[in-house]
Amino acid sequence: MGHSLRLITYLVPSHPVELYECIAHFLEDQLHVSATLVYESRDPIDLYTDDRPDPFCLKEVDIGFLSPTQYLKMKGSKKIELLPITPVFVHPKNEAQKRGYYVDIIMHTDVEKTVKSFLDLRGSSWGYTGDNSLSSSLTIQKLLRAHGENSSFFGNTIKTGNHLLTIEKVQDKQVTAAAVDSVAFYNYKNVLHKDSDDITVLQSVGALPPYAIVCGKNLNGDLKSKIVNVLLKATTTRKWKEKFEKFGLIKFTENSSDSYTELEFSEPLDGNGLSSIYY
């Protein structure tokens, strides 16, 4: 084992840490490097400041896994670049196996009798991870706006902190409905093996821009292209295909900064996110 490769993910615990361990083990196996993984469950959008530089600035990590909004925020530090690759996940709306992920609007099966469409959720309680969340907040604000509504549409909103806690709130009937990252929901059911027969998907929105895989600007160019090349072929062997499919990961495909243009230049939504404001 020559090089060492340091990976960081900001998508745990919403996504299972085992998914990123699997990617680390795959890279270790294919590139004959020793790979280590760290995860940061706090949102980098609020975490890194002038007083607390991000680990790419400090050259502490080589590869990172980010949500689209996290990527746009961290891109500003000029210390990272987007790797031209992204994972593709299974979803009923993604038969063409294209890049990007979805938002699943979920609710308890007990409310199926009264809630037939999104607009039937007027006045109900809503769960979401946080105001920076593309899947659970920004996309829903956009959906509300398309229906001529705003965040006062919901009776009350509960911020959970991560997608797993959001799903549990729906299951425990602490909220009527919620929006969750489709990959998080898939893994809740299939990897964490949580009993989810009492949860139903009202509708799915998407595809959203894909998850971003980034590298530090100082990563060796040869190693960088090797990483991209092996990931593109990651699911061509039966052994690794089976390991990745467990998490709903079908393959890796090309990605580019164009995937995020629309998000980068979309007009700002209500700055309070989905937080209900009462005067």
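For the structure, see preceding data.
Fair warning: this is a prediction, and the values are worked out from it, not measured in the lab.

Student: Explain the overall build of the protein chain to me, please; I cannot follow it from the model alone.
Tutor: On a plain count of helices and strands, the protein chain comes out with nine helices and 12 strands. Against the compact-globule benchmark of 19 Å for 279 residues, the protein chain has a radius of gyration of 19 Å, which places it among compact chains. Judged by the C-alpha coordinates and their principal axes, the protein chain covers about 60 × 45 × 30 Å. For the protein chain, the residues scored as buried account for 52% of the 279 residues in total. Nonlocal contacts in the protein chain, meaning residues at least 24 apart in sequence, comprise 80% of its contacts between residues at least 6 apart. If you sum the accessible surface of the protein chain, you get close to 13,200 Å²; carbon and sulfur atoms cover 48% of it. Taken together, the 31 basic and 35 acidic charged side chains of the protein chain have centroids lying 4 Å from each other.

Student: Looking at this structure, I do not really get the environment of Asp-131. What am I missing?
Tutor: Here Asp-131 lies in the loop between strand E7 (125-128) and helix H4 (134-146). Taking the C-alpha atoms as reference points, Asp-131 and Gly-161, 30 residues apart in sequence, are found 9.7 Å from one another.

Student: Please clarify how the pattern of salt bridges should be interpreted in this entry.
Tutor: Side chains bearing opposite charge may pair, as long as their charged atoms lie close to each other. Going through the model one piece at a time under the given rule, you end up with 11 salt bridges. Two residues, Glu-81 and Lys-224, come together in a salt bridge whose shortest N-O distance is 3.2 Å. Here the residue Glu-81 occupies a position in strand E4 (residues 80-82), and Lys-224 occupies one in helix H7 (residues 221-232), the gap between them amounting to 143 residues. Relative accessible area serves as the criterion here: at 26%, Glu-81 is assigned to the partly exposed category. Residues Lys-226 and Asp-222 are paired through a salt bridge, measuring 3.4 Å at the closest nitrogen-oxygen approach. Placement of both Lys-226 and Asp-222 in helix H7 is noted, with a separation of four residues, approximately one turn of the helix. With a relative accessible area of 46%, Asp-222 lands in the partly exposed category.

Student: What is the right way to look at a positive patch on the surface in this model?
Tutor: A grouping of Lys-59, Lys-78, Lys-79 and Lys-217 is seen on the molecular surface, where their side chains present a positively charged patch. Note on Lys-78: relative accessible area 61%, which makes it exposed.

Student: What should I look at first to understand the sheet that holds strand E3 (residues 63-66) in this one?
Tutor: Backbone-to-backbone hydrogen bonds join strands into a sheet, with any given pair of strands oriented parallel or antiparallel. The five strands are arranged E2-E1-E3-E11-E4 in an open sheet whose pairing can be described as mixed. Looking at the sheet topology across the chains shown, the edges are occupied by strand E2 (34-39) and E4. For this sheet, the mean angle separating the axes of adjacent strands, direction not counted, is 25°. As paired elements, E3 and strand E11 (residues 212-216) share four bridges and run antiparallel to each other. For Leu-66, the partnering residue across the bridge sits in E11 and is Ala-212. Sitting on the sheet, helix H1 (residues 17-31) is in contact with strand E1 (4-9), E2 and E3, with an inclination near 160° to E2.

Parameters and conventions
- Residues numbered from 1 in each chain as written.
- Predicted model: local features only at pLDDT ≥ 70, side-chain atom pairs only at ≥ 80, totals over all residues.
- Heavy atoms only, no water.
- Helix = DSSP H or I, 4+ residues; strand = E, 2+ residues; numbered from the N terminus.
- Rg over C-alpha atoms; globule rule 2.2 N^0.38 Å.
- Buried < 20%, exposed > 50% of the residue type's maximum accessible area, 1.4 Å probe, protein only.
- Contact = heavy atoms within 4.5 Å.
- Areas by Shrake-Rupley, 256 points an atom, 1.4 Å probe, with all protein chains shown as cover.
- Lys, Arg positive; Asp, Glu negative; His and termini not counted.
- Charge placed at Lys NZ, Arg CZ, Asp CG, Glu CD.
- Salt bridge = Lys/Arg side-chain N within 4 Å of Asp/Glu carboxyl O.
- Patch = residues over 30% accessible without salt bridge, like charges linked within 9 Å, V, L, I, M, F, W, Y side chains within 5 Å.
- Pairing = 2+ DSSP bridges.
- Axes fitted to C-alpha atoms, helices over the stretch in contact; angles between N-to-C directions.

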